[in-house]
Amino acid sequence: MKKNLYAIALACLGLGTLTAQGQDQHMLSIDRAPAAPTRECATMEVLEAQMAADPTLARRMADVERHTAEVVANPTARRTNAIVTIPVVVHVVYNTTAQNVPQSQIDAQIRVLNEDFAKTNSDASLIPAAFAGVAAGTNVRFVLAKRDPNGAATTGVVRRSTKTRSFSSNDFVKYTSKGGSDAWPRDKYLNLWLCNLGQGLLGYAQFPGGAAATDGVVCLYSSVPGGTASNYNKGRTATHEVGHWLNLRHIWGDATCGNDLVADTPTQQTSNGGCPTFPHVTCGNQGDMSMNYMDYTYDACMYMFTGGQSARMDALFSAGGARVGLTTSLGGTAPRMVAATTTSDVALYPNPADNVLNLTLPQSQNSWVVKVYDLRGHEMSQARYNGQGQVSVGQLPKGLYQMTLSNGEQTIRQRFEKQ
Ligand SMILES: [Zn+2]
């Protein structure tokens, strides 16, 4: 049954004949507290705007879905048991002191993400026996970024004061020029924005395949662990939204007895709110999986992913996957400062480097001639100095190199590693 629906969903995507509901399902997810009566309206405005702005989006998302189906159907293509640790940059965009989420709550949010995705959450003990066989930890973990896109050390938290009192789902929070904070490269980081969202919004996410500038998840600042969003302050909004970012659909498939493209989740009639008692039988199932992170229940009443959901995530990190770049990101590794041996005023960082090597030099940066050699002494013309303290090393093969820096008075030699 699910397989047939899945084929239909793919066909719809491929033909570009998505219904309004289908767009909601595949393009962007917006979540409100269940009590909010108008969840669909704002969602559709955003979705229609995105579709109008980018007619190629449906095709790109269909490609992601096709690849996912291929990988899920072929377990040898999956990165099973290979943990992917994703560097996270948290953009705290605040208008009031309360919105300037403290580091302790950001740390707690990362901890909750790791526990939920690893199934080490303490409330996993509440999973009903009927679902014990399909409940699963995933292969995804999270760490606050330690290296920024320029290779410099970072705490992984960007704090920006804003004049905007309340953001909507229009993505302004993702642009510095619009009162928010620009995204970091999505092939190296998960962007997580914390801000004040209006209209009862708890959060929203962008599925794989969308635009790079808006890639990531947005959560209400008070939804983090210990926040003030009552019933939604255990950090599960982020778990749910990151689930979408990793290509998970809502557990009810965003339609009546709909399809979430996962084989081991029961078909259920619609979303559940609050804290349902199991079993709540709908659509001929043995009980809704209302305790799945991809339902709409209270934070305290959602505590599991399934193996099928984990498989969809794995597909993103396999060869050709939409988020495979994250598997080689150095964003979670602190840069290593290397002091020069001949003078205390020269440093190269990060080392190892993958793209750009930054130089700290004792005199004006453009007075130095910088050359890179392999260990046999051959000059590497692929490495270029921009005269402003940065050497591009992205074209170099991996390995050890020697750099010479000359200013006419002295020549400094430094070793570095291309990673
Ligand atoms: Zn959602």
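Structural data are supplied above this passage.
A brief look at the structure comes next. These numbers come from a predicted model, not from an experiment.

Moving on, we come to the overall build of the protein. Per the secondary structure count, the protein includes seven helices and 17 strands. Within the protein, the fraction of its 419 residues that count as buried is 54%. In the protein, once contacts between residues fewer than 6 apart in sequence are set aside, the share between residues at least 24 apart is 65%. Split by element, the accessible area of the protein, about 17,600 Å² in all, is 52% carbon and sulfur.

The next thing to look at is the pairing of strand β2 (residues 84-94). Across the eleven residues that make up β2, a large majority, nine, are buried. With five bridges joining them, β2 and strand β4 (residues 140-144) adopt parallel strand pairing. Bridge pairing in β4 links Val84 to Val140. Looking at chain direction, β2 and strand β6 (residues 190-195) are connected through five bridges and run parallel. Following the sheet pairing, Val92 is matched in β6 by Leu194. Two strands pair when backbone bridges link them, and β2 and strand β5 (residues 157-161) are joined in this way by five bridges, in the parallel orientation. The partner of Tyr94 across the bridge, within β5, is Ser161.

Here the focus is the state of the cysteines. Simply put, disulfide is the name for a covalent bond between the sulfur atoms of two cysteines. Evaluation of the coordinates by the stated rule reveals two disulfides. Note on cysteine connectivity: Cys257 is disulfide-linked to Cys283, with sulfurs 1.9 Å apart. With the S-S dihedral at roughly -85°, the linkage between Cys257 and Cys283 falls on the left-handed side. Note that Cys257 is positioned in the loop between α6 (236-245) and β9 (305-306) and Cys283 in the loop between α6 and β9, a separation of 26 residues in sequence. By relative accessible area, Cys283 is classed as partly exposed at 31%. Here Cys275 pairs with Cys301 through a disulfide, and the sulfurs are 1.9 Å apart. An S-S torsion of about -95° defines the bridge between Cys275 and Cys301 as left-handed. With a gap of 26 residues between them, Cys275 in the loop between α6 and β9 and Cys301 in the loop between α6 and β9 connect regions that are remote in the sequence. Owing to a relative accessible area of 49%, Cys275 belongs among the partly exposed residues under this scheme. Taken N- to C-terminal, the disulfide-bonded cysteines of the protein are connected 1-3, 2-4. With no disulfide of its own, Cys195 has Cys219 as its nearest cysteine by sulfur position, at a separation of 8.9 Å.

What counts and how
Residues numbered from 1 in each chain as written. Predicted model: local features only at pLDDT ≥ 70, side-chain atom pairs only at ≥ 80, totals over all residues. Heavy atoms only, no water. Helix = DSSP H or I, 4+ residues; strand = E, 2+ residues; numbered from the N terminus. Buried < 20%, exposed > 50% of the residue type's maximum accessible area, 1.4 Å probe, protein only. Contact = heavy atoms within 4.5 Å. Areas by Shrake-Rupley, 256 points an atom, 1.4 Å probe, with all protein chains shown as cover. Pairing = 2+ DSSP bridges. Disulfide = S-S within 2.5 Å.

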